[in-house]
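Chain by chain, the residues run as shown.
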Amino acid sequence: AAGAAGRTIPAAPRLRCSDALLPTRSERAVKLGPVGIRTTVVSRYRGPSPRGGDAGHAWSYSVEFANEGRATVQLLSRRWAFRDAGGDVTAVAGPGAVGETKVLRPGEAWRYDSGTTLATTTGSMSGRFVFEVLETPAAADAFVVD
């Protein structure tokens, strides 16, 4: 791998879907990372948790990564922080997402769906994704000065 191979960089500094997600409202956040990874997050309130009782309120979210850059990258890890209206935070972190450490070549995209439960009908989420640059085209490391 040429150039920046092996360098670990975040795909998007921070994603905020909203400071206050309202029931039945979708929020969409789009960020373009430093090597051209466009990250789109859509969250949706799904209603009271199907588990019933005091289980809280169900939320779903979809995350799509589109490689608009010139380098091949691999998703290494993700971290989410879900905050309910009372300020309680649930953090989720680990390798990849939904069990995959996806490799994205230039022009490729990948989407995953997941969900969480909050104690309240409103809240927020923020996340961070770490990608590794696997390959860069030789031309990406070259430039011409006239």
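Undergrad: Can you lay out the overall build of the protein chain for me, pointing to particular residues and giving the numbers?
TA: Scanning the protein chain from terminus to terminus reveals 0 helices and 9 strands. Listed N to C, the secondary structure of the protein chain is β-β-β-β-β-β-β-β-β in terms of helices and strands. Taking all 146 residues of the protein chain together, 41% fall into the buried category. Expressed as a percentage of contacts within the protein chain between residues at least 6 apart in sequence, the contacts between residues at least 24 apart total 67%. Carbon and sulfur atoms form 49% of the exposed surface of the protein chain, whose accessible area is close to 7900 Å².

Undergrad: So what's going on with the nonpolar core? Residues and values would help.
TA: By size, the foremost hydrophobic cluster in this structure holds 21 residues, and its most contacted members are Val63, Phe65, Trp80, Tyr112, Phe129 and Phe131. Listing elements by their share of this core, those giving two or more residues are strand 3 (37-48), strand 4 (57-67), strand 5 (72-84), strand 8 (109-118) and strand 9 (123-135). Other than its neighbours up to four places away in sequence, tyrosine 112 contacts Tyr61, Ser62, Val63, Phe65, Trp80, Ala97, Val98 and Phe129.

Undergrad: Give a description of the environment of threonine 120 that names residues and reports values.
TA: When you line up the elements, threonine 120 lands in the loop between strand 8 and strand 9. Considering only alpha carbons, one finds threonine 120 and arginine 83, 37 residues apart in sequence, at a separation of 9.4 Å. The contact partners of threonine 120, leaving out residues within four places of it in the chain, are His57, Trp59, Asp84, Ala85 and Gly86. Of the polar contacts made by the side chain of threonine 120, one reaches the backbone nitrogen of alanine 85; its length is 2.9 Å. At 2.6 Å, the side chain of threonine 120 and the backbone oxygen of threonine 122 are in polar contact.

Undergrad: So, unusual backbone geometry: which residues are in play, and what are the values?
TA: Of note in this structure, valine 98 is not a glycine but carries a positive phi near 45°. Considering the arrangement of structural elements, one finds valine 98 in the loop between strand 6 (89-95) and strand 7 (103-104).

The rules behind these values
Residues numbered from 1 in each chain as written. Predicted model: local features only at pLDDT ≥ 70, side-chain atom pairs only at ≥ 80, totals over all residues. Heavy atoms only, no water. Helix = DSSP H or I, 4+ residues; strand = E, 2+ residues; numbered from the N terminus. Buried < 20%, exposed > 50% of the residue type's maximum accessible area, 1.4 Å probe, protein only. Contact = heavy atoms within 4.5 Å. Areas by Shrake-Rupley, 256 points an atom, 1.4 Å probe, with all protein chains shown as cover. Core = buried A, V, L, I, M, F, W, Y, C linked by side-chain atoms within 4.5 Å. Polar contact = N/O pair within 3.5 Å; in protein donor to acceptor, adjacent residues only side chain to side chain.

Geometry only, nothing functional implied.
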